[in-house]
Structure formats: C-alpha cells, structure tokens
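Structural description and commentary
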Amino acid sequence: MKILIINGPNLNLLGKREPSIYGTMSFDQYFDSLKTLYPIVDLSYFQSNSEGGLLDCLHKEGFNQDGIILNAGAYTHTSVAIADAIAAINSPVIEVHISNVYKRETFRHHSFLSPVVKGVIAGFGMESYRLALEAFINQD
Ligand code: DQA
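Residues numbered from 1 in each chain as written. Predicted model: local features only at pLDDT ≥ 70, side-chain atom pairs only at ≥ 80, totals over all residues. Heavy atoms only, no water.

Taking an unreviewed UniProt entry as the reference, the protein is identified by name as 3-dehydroquinate dehydratase belonging to Alkalitalea saponilacus. According to the UniProt record, the Catalytic activity (unreviewed entry) comment for the protein is "3-dehydroquinate = 3-dehydroshikimate + H2O". The Sequence similarities (unreviewed entry) comment attached to the protein in UniProt states, word for word, "Belongs to the type-II 3-dehydroquinase family." (UniProt positions renumbered as here; feature names shortened; annotations may be inferred.)

Below, the structure is given as structure tokens:
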C-alpha cells in the first residue's frame with residue numbers, strides 16, 4: 001500500500017513552531033517512528049511552503065498513491081486551487097490537522113478542502129497522521 005503524507009506551509013517548523021499548540025517533535029522524527037510502526041506501508045513524505053509546490057505534488061502523485069494524508073496548514077482555509085486539485089485526482093485524500101481547529105480562531109473553522117476529501121481528522125496532535133494512516137489501512 002502506497003501512502004503519501006503531504007505537509008503545507010510552516011509545517012517544516014514542527015518542533016520549533018508554537019510548541020504549546022503543535023508539540024515539540026520535528027516531523028522528520030515523527031515520520032521515522034511511523035515508518036518503524038508500519039513497515040508494510042510504502043510511506044513517503046513531501047512538504048512545501050508554496051501553494052504551487054503542493055499543487056504540483058498532488059498532480060504528480062495523485063494518480064499513483066493508494067491514499068494521501070494532507071495537512072495543508074493555512075491553505076486549508078484559503079485555497080480553492082488545492083480543493084480543485086483534490087477533486088481532480090484519483091487517490092483518496094484524508095485532511096488532517098494537528099490542532100483542533102474548531103477550538104481556535106473562527107477563520108480556522110472553515111476548510112475549502114473538507115467537501116472534497118474522504119474524511120477529516122483534527123486535534124490529536126501528531127497522532128492525527130497515524131489515525132489517518134489507520135483509516136486507510138482498515139478501509140474495505
Ligand atoms: C494546522 C491548522 C491550521 O489552521 C494552521 O494554519 C496550520 C496547522 C494544524 O495542523 O493544526 O498551519 O493545519
């Protein structure tokens with residue numbers, strides 16, 4: 001099973017960025033632990049701070065992955081282009097957020113992506129990614 005994790009803007013700073021919200025672990029550390037926990041999954045990871053970088057990755061990978069786990073960061077709340085790309089590709093996408101966006105500022109309550117994804121997981125810290133992975137592994 002091929003699963004790609006895509007992180008959007010500022011998520012390269014995980015571990016350093018607002019640790020009270022996003023925790024103290026870098027994504028590289030977390031990604032290594034996921035690979036160890038799920039050796040049967042062909043797991044890969046991409047991060048970009050630019051909307052274009054995320055679009056190019058979705059276009060390139062969105063026809064050959066069994067699932068994509070996407071944390072689009074702030075673009076979740078602004079990007080019609082990323083929503084259109086998700087609708088255009090074949091691979092199912094799960095939207096994830098580390099924080100519970102519904103507990104935060106109201107501008108984080110709206111997602112352009114939610115209507116075009118398979119499901120949404122938010123608020124479980126880094127474990128949001130693992131829960132999304134479990135959802136793909138356990139699907140029929
Ligand atoms: C986030 C929530 C977004 O609102 C924010 O802009 C992020 C991270 C999360 O994982 O909790 O960059 O997607």
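A separate point is helix 2 (residues 27–37). Within the sequence span of helix 2, burial applies to F27, Y30, F31 and L34. Projected down its long axis, helix 2 shows its buried positions confined to an angular sector of 100°, all on one face. Counted as exposed and oriented over 90 degrees from the buried face of helix 2: D28 and T36. Of the surrounding elements, those touching the buried residues of helix 2 are strand 1 (2–7), strand 2 (42–47) and helix 5 (127–138). (Buried < 20%, exposed > 50% of the residue type's maximum accessible area, 1.4 Å probe, protein only. Helix = DSSP H or I, 4+ residues; strand = E, 2+ residues; numbered from the N terminus. Arc of directions from axis to C-beta. Contact = heavy atoms within 4.5 Å.)

Relative to the assigned elements, S99 resides in the loop between strand 4 (93–97) and strand 5 (119–122). In terms of polar contacts, S99 uses its side chain to reach the side chain of R104, at 2.9 Å. Each residue touching S99, except ones within four places of it in the same chain, is listed here: I21, Y22, R104, A122 and G123. (Polar contact = N/O pair within 3.5 Å; in protein donor to acceptor, adjacent residues only side chain to side chain.)

Taking the numbering used here, the UniProt-annotated feature "active site" (unreviewed entry) corresponds to Y22 and H97. These annotated residues cover 76 residues of sequence, and their C-alpha atoms all fall within 9.7 Å of one another, placing them together at a single site. By secondary structure assignment, the location of Y22 is in helix 1 (residues 19–22). Judged by its relative accessible area of 9%, Y22 is buried. Residue position: H97 is located in strand 4. Given the relative accessible area of 6%, H97 is considered buried. Residues in contact with H97, not counting those within four places in the same chain, are N71, T76, I121, A122, G123, F124 and S128. At a separation of 2.7 Å, a polar atom in the side chain of H97 contacts the side chain of E95.

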